[in-house]
2 protein chains.
Amino acid sequence: MRRIAVTVEYMGTAYCGWQRQKNGLSVQQAMADAFFKLTGEKVTLHGSGRTDAGVHALGQVVHFDTNTTIPAHKLPFAWNTVLPSDIRVLDAKEVDENFHARFCVKRKTYQYRFYFSPHASALRKDFACHFTQEENFEEMKKAAKHFEGTFDFKGFQATGGHVKTTVRTIYSATLEKEGNEYVFEICGNGFLYNMVRIIAGTIVYVGIGKLKADDIPDIIASGDRKRAGKTLPAYGLYLKKAEY
Amino acid sequence: MRRIAVTVEYMGTAYCGWQRQKNGLSVQQAMADAFFKLTGEKVTLHGSGRTDAGVHALGQVVHFDTNTTIPAHKLPFAWNTVLPSDIRVLDAKEVDENFHARFCVKRKTYQYRFYFSPHASALRKDFACHFTQEENFEEMKKAAKHFEGTFDFKGFQATGGHVKTTVRTIYSATLEKEGNEYVFEICGNGFLYNMVRIIAGTIVYVGIGKLKADDIPDIIASGDRKRAGKTLPAYGLYLKKAEY
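Right, let's walk through the structure included here. The structure presented is a predicted model; accordingly, all values stated were derived computationally and were not measured.

### A short note on unusual backbone geometry
Residues and elements named next belong to chain A.
Turning to step 1, where the next piece is worked out: Despite not being glycine, Asn-194 shows a phi value in the positive range, around 70°.
Turning to step 2, where the next piece is worked out: Position of Asn-194 relative to the elements: it lies in the loop between strand 9 (181-188) and helix 4 (195-207).
Turning to step 3, where the next piece is worked out: Judged by its relative accessible area of 15%, Asn-194 is buried.

### Overview of the interface of chain B and chain A
Bring the parts together and some accessible area is lost; that lost area is often taken as the interface size.
Turning to step 1, where the next piece is worked out: Between chain B and chain A, the residue contacts involve 25 residues of the former and 25 residues of the latter.
Turning to step 2, where the next piece is worked out: Both sides together, the interface formed by chain B and chain A hides about 1,900 Å², and carbon and sulfur atoms give 68% of it.
Turning to step 3, where the next piece is worked out: Summed over the three residues of chain B that lose the most area to chain A, namely His-119, Ala-122 and Leu-123 of chain B, the buried surface amounts to 37% of that side.
Turning to step 4, where the next piece is worked out: Our count for the contact surface shared by chain B and chain A stands at zero salt bridges.
Turning to step 5, where the next piece is worked out: Linking chain B with chain A are eight residue pairs in polar contact (both at pLDDT 80 or more), by the criterion used here.
Turning to step 6, where the next piece is worked out: Only strand 1 (2-10), strand 3 (56-66), helix 2 (75-82) and strand 4 (87-95) of chain B provide two or more residues apiece to the side of chain B that touches chain A.
Turning to step 7, where the next piece is worked out: It is strand 4 of chain B that contributes the most residues to the side of chain B that touches chain A, four residues altogether.
Turning to step 8, where the next piece is worked out: Looking at the side of chain B that touches chain A residue by residue, the class counts come to 15 nonpolar, five polar and five charged.

### Considerations on the pattern of salt bridges
Note that side chains of opposite charge can pair when their charged atoms are close.
Residues and elements named next belong to chain B.
Turning to step 1, where the next piece is worked out: Under the definition given, this model contains 28 salt bridges over all chains.
Turning to step 2, where the next piece is worked out: As a salt-bridge pair, Glu-243 and Arg-107 come within 3.3 Å of each other at their nearest N and O atoms. Of the two residues, Glu-243 is situated in strand 10 (residues 237-243) and Arg-107 in strand 5 (residues 107-116); the sequence distance between them amounts to 136 residues.
Turning to step 3, where the next piece is worked out: According to the relative accessible area criterion, Glu-243 is partly exposed, its value standing at 26%.

### Considering the nonpolar core
Turning to step 1, where the next piece is worked out: Counting residues in hydrophobic clusters, the biggest one holds 66 residues, and the most contacted among them are Val-6, Met-31, Trp-79, Phe-114, Phe-156 and Phe-184 of chain A.
Turning to step 2, where the next piece is worked out: Setting aside chain neighbours within four positions, we find Phe-184 of chain A in contact with Tyr-110, Gln-111, Tyr-112, Phe-114, Ala-144, Ala-173, Thr-174, Leu-175, Ile-199, Ala-200 and Ile-203 of chain A.

### Details of helix 3 (residues 137-145) of chain B
All names here are of chain B.
Turning to step 1, where the next piece is worked out: Listed as buried for helix 3 are Met-140, Ala-143 and Ala-144. Across the axial projection of helix 3, the buried residues extend over an arc of 100°, all falling on one side.
Turning to step 2, where the next piece is worked out: Tucked into the core, helix 3 has its buried residues touching strand 5, strand 8 (167-178), strand 9 (181-188), helix 4 (195-207) and helix 5 (216-222).
Turning to step 3, where the next piece is worked out: Its side-chain oxygen placed 3.2 Å from the backbone nitrogen of Glu-138, Asn-136 serves as the N-cap of helix 3.

### Topic: the relation of the copies chain B and chain A
Turning to step 1, where the next piece is worked out: The two copies are related by a screw operation: chain B maps onto chain A through 180° of rotation and 0.0 Å of translation along the axis, at an RMSD of 0.0 Å. Taken together, these values place the two copies in the relation of a two-fold axis. Residue Glu-178 of chain B of chain B places its C-alpha closer to the rotation axis than any other residue of that unit, at 4.8 Å.

Calculation criteria
- Residues numbered from 1 in each chain as written.
- Chains lettered and ligands numbered in written order.
- Predicted model: local features only at pLDDT ≥ 70, side-chain atom pairs only at ≥ 80, totals over all residues.
- Heavy atoms only, no water.
- Helix = DSSP H or I, 4+ residues; strand = E, 2+ residues; numbered from the N terminus.
- Buried < 20%, exposed > 50% of the residue type's maximum accessible area, 1.4 Å probe, protein only.
- Contact = heavy atoms within 4.5 Å.
- Buried area = accessible area lost by both parts, 1.4 Å probe.
- Salt bridge = Lys/Arg side-chain N within 4 Å of Asp/Glu carboxyl O.
- Polar contact = N/O pair within 3.5 Å; in protein donor to acceptor, adjacent residues only side chain to side chain.
- Nonpolar A, V, L, I, M, F, W, Y, C, P; charged D, E, K, R; others polar.
- Core = buried A, V, L, I, M, F, W, Y, C linked by side-chain atoms within 4.5 Å.
- Arc of directions from axis to C-beta.
- Least-squares fit on C-alpha atoms with pLDDT ≥ 70 in both.

Right under this line is the structure:
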């Protein structure tokens, strides 16, 4: 028995999320099904965290125990021959038996993509969130920076989350422009449920003048969900990286 | 009766192409159906040219005659409320009765997107063509430039095209890198069937060392389809612009 960790890119559009569910196909199940097809072995896959339906991953980290004799460096090529084309294993390596994709993760990085334009983009419909208003890039950049630090983010979570503490450390939170699209990138030691989508919604509110960048520290301190912006849709969100 | 020209962006993935066909839904039909839903009027839509199944458009130009009283500047907003989200009307204006989207077009611009990487990208599966080899950017850039000018492109067409002349003028042909992706952009007075996809395939052959950039003039002059590169798949191709 060996423990293997893989890095996975997926387009979340066709899936009910990372986690196996009763209704709908999950990325986890599609990967396990493909692995079974390849090797005849049933494996239990552990991701660095769940992603919701429609959320994409550039670098989800997944570990599992296996008896396969396929060498780790050949596994991505083999697995990709049986995976659907919207899931791709980019990398695989053998890891220590104490490694756990979820429990050992030290930092995670997410991206949220959005743009402002009179009409939505047909080509970006599943990949970035559209707003019709005019935006203020400098104010949004300033707003993003206010999320850096260690704070109690209890106002930035969806109801229904069960966590011991709502304090999280954000190492970096930046906004860049790529063509017509804004890329908000946030790296932290952990994230509450829907936290990135609410932070992105708050930055957009600053961009369209519904909030001021310098209101952010007060909004965080208030712990009041109602003072933050809207939860933006899942399809603009990307799990970029999990670090150990 | 007024003649209106619209600029349309679409994701070609779900369609059998621009042109109405017996089997499968075309972009043309989806647009006509939506217009009927909006106004109760059946219109005949004329595109600047056909696009094959899977080919995308950033700026297809479409004209039609209509009795609708919706002002041209409001039409994109109204039409978009009834269109599928993978088709978006970006712009509309009233045009002269002599304007014809196909017969009056003076220049068209296409993009072909591709990338080189050990594994394909799950997120770009419908949007860019993947190659596993290592590439030579400078040679590919040089290769692209060789297509600029007026040439007989009879070696760069799929069989089955029925055209009076295979001479075309290419005003510009350039290769740029956007992140990990190469964007080949070509502007000309017209294109033969599959011409952009064959030129892109020839540039990729140069990139992976199967051909040399300076072989291109000879290959064009030979008129021999077998000396050019492969026809790349439809999903990497974008109709960017039609100019009048």
